[in-house]
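# Per-entry structural report
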Amino acid sequence: MSPDDYTPHSGDRRYRVEHYDLTIDYRLGTNRLDGVAIVRGRAVEATSAISLDLAGLRATKVRSDLGGRIGFTQTDRKVKVALGRQLTAGDPFELTISYGGAPRPRRTRWGTLGWEELEDGAIVASQPVGAPSWFPCNDHPSDKATYRLAITTDLGYAVAAAEPVSTTTKGGRTTWVFERAAPTPTYLATVQIGKYVSRGMDLSGVEGQVLHPAGLTARVDADLSPLPQMMAVFAEAFGPYPLPSYRLVVTADDLEIPLEAQGMGVFGANHIDGKGSLERLIAHELAHQWFGNSVGLARWRDIWLNEGFACYAEWIWSERSGGRSAHAKALGHWAALAAEPQDLVLSDPGPELMFDDRVYKRGALALHALRLTVGEDAFFRIIRAWTSQHAAATATTEEFRTLAASVAGRRLEAFFDAWLDAEALPPLPEAPAALADVEPAPVTAALNVNPRAATEG
């Protein structure tokens, strides 16, 4: 693991984390978080020191299982730990870090990220570098670990974080315990706290749960009614759902964008209107469980592997649920993108543009162009091979290019060079006759190029 060139100040290449055990006490009235993080990992190179990312909270004590004298210092973004002895590559270690303070979002070039107070609750939205706002971690997209989280907070509030294990109340406070066995990068770990009702859902054989304010029940029921069919469509198109369950949280607050976390989608009250107006966003966040959460990023420059795939899943859902075809949507979005500045390289958009809406739409167009190029059968075999071969791991654009050519049984260098590595938008390949007469989908709104105001999470 090397430093990510989009987030060069985050993460530490000298080790990888295998497990985080987080015990957090959070008081909503005072916005006070006190935590203990047990971090178990292994050195990947010889070292006698490591650093953890932590921002806005103060580490008060660090202990180690290694023996000897341990020391630590803290800057505004790192806890630097002197281990007391030399580790060689492969050596395990365990650190216990006590920390606390008033959590707040980090100010970054992508906006404010991380732990944030709601009107009556809290939300975590970490992509890409917000995780250190609430726990000490190795904040690199390729460093996936398992988690145990014990969250204690005020009575009357529900907590969502991972797979629930237990809930106990003592002394006027409730502790919620969760586990996450699926390897998860730090930016997809989450905690959501609010005055929510919680209801189970059967999502075509996948365990589902929705948490929302009681006053939004009718709107939630209406807008989430397609979810079981959506799960079935995506499982057929992409392969089996990759996690034990799927949870949706709807906050009482309006949110700028919906958010994905591991096994979870988070929506603001403004995204759930009871009319299905933003159904595509529900599809988008569900698709991230395959693309971004199971098949993760090895580096941020490949963000199109998350967002382009999730955007294309919106189009697949549309055509398979009786709406406009993916080809109709592609024609409309191609025309809109062709009118935009041709200054973005999909395979390396740069940190300032990594969340530009053109990454989402051009990524989806590249996938549709691949579908037109290799044919229906080969295209969906490529997608299912991608989610299968890289499940619970990370991957790169180069690996997708190689896999696509192998599954399709043909050379695709020129195709991918044009769609992924060149600034100019290529023409869409000619469509089969069955698609050629479909009217293009209208795209009336201007494409949003504000990195943190894109309409999808």
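Presented here is an overview of the structure given in this document. (Residues numbered from 1 in each chain as written. Predicted model: local features only at pLDDT ≥ 70, side-chain atom pairs only at ≥ 80, totals over all residues. Heavy atoms only, no water.)

### Details of the overall build of the protein chain
What the protein chain contains, in helices and strands, is 10 helices and 22 strands. What you see for the protein chain is a C-alpha radius of gyration of 22 Å, in line with the 23 Å of a compact globule of 457 residues. C-alpha atoms of the protein chain, sized along the principal axes, occupy 70 × 55 × 40 Å. Contacts in the protein chain between residues far apart in sequence, at least 24 positions, make up 71% of those at least 6 positions apart. When the accessible surface of the protein chain is split by element, carbon and sulfur atoms take 51% of a total near 17,200 Å². Taking the average location of the 45 positive side-chain charges in the protein chain and that of its 56 negative ones, the two points are 6 Å from each other. (Helix = DSSP H or I, 4+ residues; strand = E, 2+ residues; numbered from the N terminus. Rg over C-alpha atoms; globule rule 2.2 N^0.38 Å. Contact = heavy atoms within 4.5 Å. Areas by Shrake-Rupley, 256 points an atom, 1.4 Å probe, with all protein chains shown as cover. Lys, Arg positive; Asp, Glu negative; His and termini not counted. Charge placed at Lys NZ, Arg CZ, Asp CG, Glu CD.)

### Brief notes about helix α4 (residues 304-320)
In a regular helix each residue adds 1.5 Å, so 17 residues correspond to 24 Å; α4 covers 23 Å between its end C-alpha atoms and thus fits that length. With 15 of 17 residues buried, α4 is to be regarded as a mostly interior element. A positive backbone phi angle near 95° is found at G322, which sits one or two residues after α4. (Expected span 1.5 Å × (residues − 1). Buried < 20%, exposed > 50% of the residue type's maximum accessible area, 1.4 Å probe, protein only.)

### Some words on the sheet that holds strand β15 (residues 192-194)
Pairing in this open sheet of 5 strands is antiparallel, and the strands run β8-β9-β10-β15-β12 from one edge to the other. If you trace the sheet from one side to the other, it starts and ends with β8 (106-108) and β12 (158-160), each paired once. The mean inter-strand angle of the sheet, taken between neighbouring strand axes irrespective of direction, is 20°. As defined by bridge partners, β12 adjoins β15 across 3 bridges and the pair is classed as antiparallel. Each bridged residue has a counterpart across the sheet, and for V159 the counterpart in β15 is I193. (Pairing = 2+ DSSP bridges. Axes fitted to C-alpha atoms, helices over the stretch in contact; angles between N-to-C directions.)

### Describing the pairing of strand β14 (residues 173-184)
Each regular strand shows side chains that alternate between the opposite faces of the sheet. Both strand β11 (residues 145-154) and β14 contribute to a ladder of 9 bridges, which runs antiparallel. When the bridges of β14 are listed, R148 appears paired with E179. Pairing between strand β13 (residues 163-170) and β14: 7 bridges, direction antiparallel. Opposite P164, over in β14, you have F178 as the bridge partner. Joining the antiparallel neighbours β13 and β14 is a turn of 2 residues, in which G171 adopts a positive phi near 60°.

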